[in-house]
Amino acid sequence: MESSQIKALIPIMNGPTQGCMVVYDDGRHCRRFCSVERYMNTMAAFMGNDNRACRKLFHRRRGTGVLLNDGTIFVQIRLARKPPTLGYVRIDAIESFFTGDKGKCVLRLSGDEMLETEWNVETVDKHIRLVRRTLEGRELPEL
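Residues numbered from 1 in each chain as written. Predicted model: local features only at pLDDT ≥ 70, side-chain atom pairs only at ≥ 80, totals over all residues. Heavy atoms only, no water.

### Let's talk about the sheet that holds strand E5 (residues 73-78)
Keep this limit in mind: When DSSP locates at least two bridges between a pair of strands, those strands are taken to pair. The helix count covers DSSP runs of H or I at least four residues long, the strand count covers runs of E at least two residues long, and both are numbered beginning at the N terminus. Every axis in this analysis is a line fitted to C-alpha atoms, fitted for helices over the stretch in contact. Angles between the N-to-C directions lie between 0 and 180 degrees.
Overall, antiparallel pairing links the six strands, which are arranged E3-E2-E1-E6-E5-E4 in an open sheet. Sheet topology places strand E3 (29-32) and strand E4 (65-67) at the edges, where each strand pairs with a single neighbour. Neighbour-to-neighbour, the strand axes of the sheet open up by a mean angle of 25°, direction not taken into account. Where strand E1 (residues 6-14) meets strand E2 (residues 17-24), eight bridges bridge the pair, whose relative direction is antiparallel.

Here you go:
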């Protein structure tokens, strides 16, 4: 499992259960039959760190960011209208963002892939700046 090759984890509903769509740098989209949180926690555990330790930097608030041991930084962004709503986007995969036709923020990811969010541009910008300011160049605290 190579986190630096994942561009985004998008929450989806698989009938009555949660699932996620994993978007890779090479353009592949793979559907997984587990929640975004479970996928991210499994990936973090595989790398030897715990996302709860990372949340200590944000005073245990959800909807922030995750720094994995390989240096990959993900930001949580609202990507779905109905629960589960929060997905993860790798910060260095975001090339730009702008307001789309519906007034919501659209992320332009590497490889010219577009990802619509459920937040406005100001909220997305605030979250990205918060995560960058907090996580870049830091070590994860131990639990």
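Right, picking up where we left off after that structure.
### Quick notes on the sheet that holds strand E7 (residues 94-99)
Heads up, the rule is: Whether two residues are in contact is decided by their heavy atoms, any of which lying within 4.5 Å being enough.
Overall, antiparallel pairing links the three strands, which are arranged E7-E8-E9 in an open sheet. Edge strands, defined here as strands with exactly one partner in the open sheet, are E7 and strand E9 (113-116). Sheet twist, expressed as the average angle between the axes of neighbouring strands with direction ignored, equals 25°. The pairing of strand E8 (residues 105-109) with E9 spans four bridges and is classified as antiparallel. Within E9, the residue paired with Arg108 across the bridge is Met114. Each of E7 and E8 is contacted by helix H3 (residues 121-135), which is oriented at about 150° to E7, the strand it contacts most.

### Here we look at the packing of aromatic side chains
Applicable threshold: Note on ring pairs: Phe, Tyr and Trp rings are taken, using the six-membered ring of Trp, and paired if centres are within 6.5 Å. Classes follow the plane angle, with under 30 degrees stacked, over 60 edge-to-face and the rest tilted. The buried label goes to any residue with under 20% of its type's maximum accessible area, the exposed label to any with over 50%, and the partly exposed label to all in between, with areas taken from a 1.4 Å probe on protein chains only. Counted as over-ring charges are cases with an Arg CZ or a Lys NZ within 6 Å of the ring centre that also lie within 35 degrees of the ring normal.
Enumeration over the complete set of coordinates arrives at one aromatic pair. Residues Phe74 and Tyr88 carry aromatic rings whose centres are separated by 6.5 Å and whose planes lie at 90° to one another, so their mutual orientation is edge-to-face. Of the two residues, Phe74 is situated in strand E5 and Tyr88 in strand E6 (residues 86-90); the sequence distance between them amounts to 14 residues. The pair Phe74 / Tyr88 is uniform in exposure class, with both members buried. The cationic tip of Arg28 hangs over the ring face of Tyr24; the distance from NZ or CZ to the ring centre is 4.2 Å.

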